[in-house]
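So the chains spell out like this:
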Amino acid sequence: MDEISATIKQLRLPGMEQCWRSLIETRRVDGMSLRDGLLLLLQAENEQRNENRNMRLLKHARFRYQATLMETQFDVTRGLDKNRVMELATCRYIKSGIPVIITGPAGTGKSWLATALGHQACMLGFKVRYFHVFKLFEEITNNRIEGTLSKFFKKLADTDLLIIDDFGVRSLDKQQMLDFMELMEDRHGMKSTIIVSQLPVANWYDMMKVNSTAADAILDRIVHTAQRFELKGDSLRKK
């Protein structure tokens, strides 16, 4: 028994090691067939690896909030239809590169919904990254100064789900428009993007009119194919 435990530990199989220790402590190991015991050990190791993977993905996503779909309160009158959200929970939209737009007044749960969808994506093994829009452009500026912008854009292009929060809180300047257009071009039809905004979609063009050509290109890549949620009601923060 000690030799088996030492070998499992040497091979760095923590899930299997914990399961094997439990089997010995409960004296179940002697009454098990080789097949059943091996299956149990492999399942334990697989579950441990999935848990470790999910924790890494959640850490890398850098969510601003902690939210899950299990904790989400659905209400059709607020624009939060459970059937539509549960369809997104399958993450088929990510595999198809379909964008999601979440709009509504402050405090209606936009960021919560976006984060919950991001959390679900991590649980299913997708690479997710969350940005407040100011932080996104700050990162772009810093990488441009350091000469690593191409590498940064490639990382974003390889991210399965990109969440951009508070989009439209202020107008974009010409350089930001070009950067955002490049970002959307890299992801169009291949990777999914969730955009959260207090600004109605109908007003997005005015926010980007400093470059009408880029605005047309960005809106064409986001709006027309997006799944859209327009949240309503009083601020949940008051409650």
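The structure we're discussing is the one just above.
Let us look at the structure shown here.

Taking 1.5 Å as the rise per residue, helix H7 (residues 133-146) with 14 residues should run 20 Å; its terminal C-alpha atoms sit 20 Å apart, in good agreement. Those residues of H7 that sit buried are Val133, Leu136, Phe137, Glu139, Ile140 and Asn143. The arc enclosing the buried residues of H7, seen along the axis, measures out at 155°, which places them on a common side. Set apart from the buried face of H7 by more than 90 degrees, the exposed residues are Ile145 and Glu146. As for H7, its buried residues are in contact with strand S2 (128-132), helix H8 (149-158), strand S3 (161-165) and helix H9 (174-187). Looking one or two residues past H7, Gly147 carries a phi angle of roughly 75°, positive in sign.

In this section: the state of the cysteines. Under the criterion given, the structure shown has zero disulfides. Cysteine Cys91 is unpaired, with the sulfur of Cys122 as its nearest cysteine sulfur at 9.2 Å. Cys91 gets classed as buried once you look at its relative accessible area, which sits at 1%.

All right, on to a nonpolar patch on the surface then. Taken together, the side chains of Leu34, Leu38 and Leu42 present a nonpolar region at the surface, about 330 Å² in accessible area. Tracing the backbone through its elements, the reader meets Leu42 in helix H3 (residues 34-61). Residue Leu42 is classed as partly exposed on the basis of its relative accessible area of 46%.

This part takes up the nonpolar core. Formed by 30 residues in total, the largest nonpolar core has its most connected members in Ile164, Phe167, Phe180, Leu183, Trp204, Met208 and Ile222. For this core, the secondary-structure elements that each account for two or more residues are H7, H8, S3, H9, helix H10 (204-207) and helix H11 (212-222). Examining the composition of this core, we find that five residues originate from one element, H11, more than from any other.

Another point: the environment of Ala106. Relative to the helices and strands, Ala106 resides in the loop between strand S1 (100-103) and helix H6 (110-123). A C-alpha to C-alpha distance of 9.5 Å links Ala106 and Lys232, two positions 126 residues apart in sequence.

With that settled, consider unusual backbone geometry. One non-glycine residue, Arg27, lies in positive phi territory at about 60°. Locating Arg27 in the fold gives a position in the loop between helix H2 (14-25) and H3. Phi angles above zero are rare outside glycine, and Arg62 is one such case at about 60°. Along the polypeptide, Arg62 turns up in the loop between H3 and helix H4 (82-89).

Next up on the list: the packing of H2 against H3. Contact geometry for H2 and H3: axes closest at 7 Å, N-to-C directions at 135°. Between H2 and H3, the interaxial angle falls into the category oblique. As for how H2 packs across H3, the hand of that crossing is right-handed. Taking contact as the criterion, the partners of Pro14, Gly15, Met16, Gln18, Cys19, Trp20 and Leu23 in H2 are, on H3, Leu40, Leu41, Leu42, Ala44, Glu45 and Gln48.

Below, the discussion takes up the pattern of salt bridges. Scanning all chains against the criterion turns up eleven salt bridges. A salt bridge links Lys135 to Glu138, with the shortest nitrogen-to-oxygen separation between them at 3.6 Å. You can see Lys135 and its partner Glu138 sitting in helix H7, three residues apart, about one turn around the helix. Put simply, Glu185 and Arg221 hold a salt bridge, and the shortest N to O gap is 2.4 Å. With Glu185 in helix H9 and Arg221 in helix H11, this pair connects stretches of sequence that are 36 residues apart. Owing to a relative accessible area of 38%, Glu185 belongs among the partly exposed residues under this scheme. Exposure remark for Arg221: the relative accessible area of 23% places this residue in the partly exposed category.

Rules used in this analysis
Residues numbered from 1 in each chain as written. Predicted model: local features only at pLDDT ≥ 70, side-chain atom pairs only at ≥ 80, totals over all residues. Heavy atoms only, no water. Helix = DSSP H or I, 4+ residues; strand = E, 2+ residues; numbered from the N terminus. Expected span 1.5 Å × (residues − 1). Buried < 20%, exposed > 50% of the residue type's maximum accessible area, 1.4 Å probe, protein only. Arc of directions from axis to C-beta. Contact = heavy atoms within 4.5 Å. Disulfide = S-S within 2.5 Å. Patch = residues over 30% accessible without salt bridge, like charges linked within 9 Å, V, L, I, M, F, W, Y side chains within 5 Å. Areas by Shrake-Rupley, 256 points an atom, 1.4 Å probe, with all protein chains shown as cover. Salt bridge = Lys/Arg side-chain N within 4 Å of Asp/Glu carboxyl O. Core = buried A, V, L, I, M, F, W, Y, C linked by side-chain atoms within 4.5 Å. Axes fitted to C-alpha atoms, helices over the stretch in contact; angles between N-to-C directions. Parallel < 35°, antiparallel > 145°, perpendicular 65-115°, else oblique. Left-handed = near helix turned anticlockwise from the far one by under 90°.

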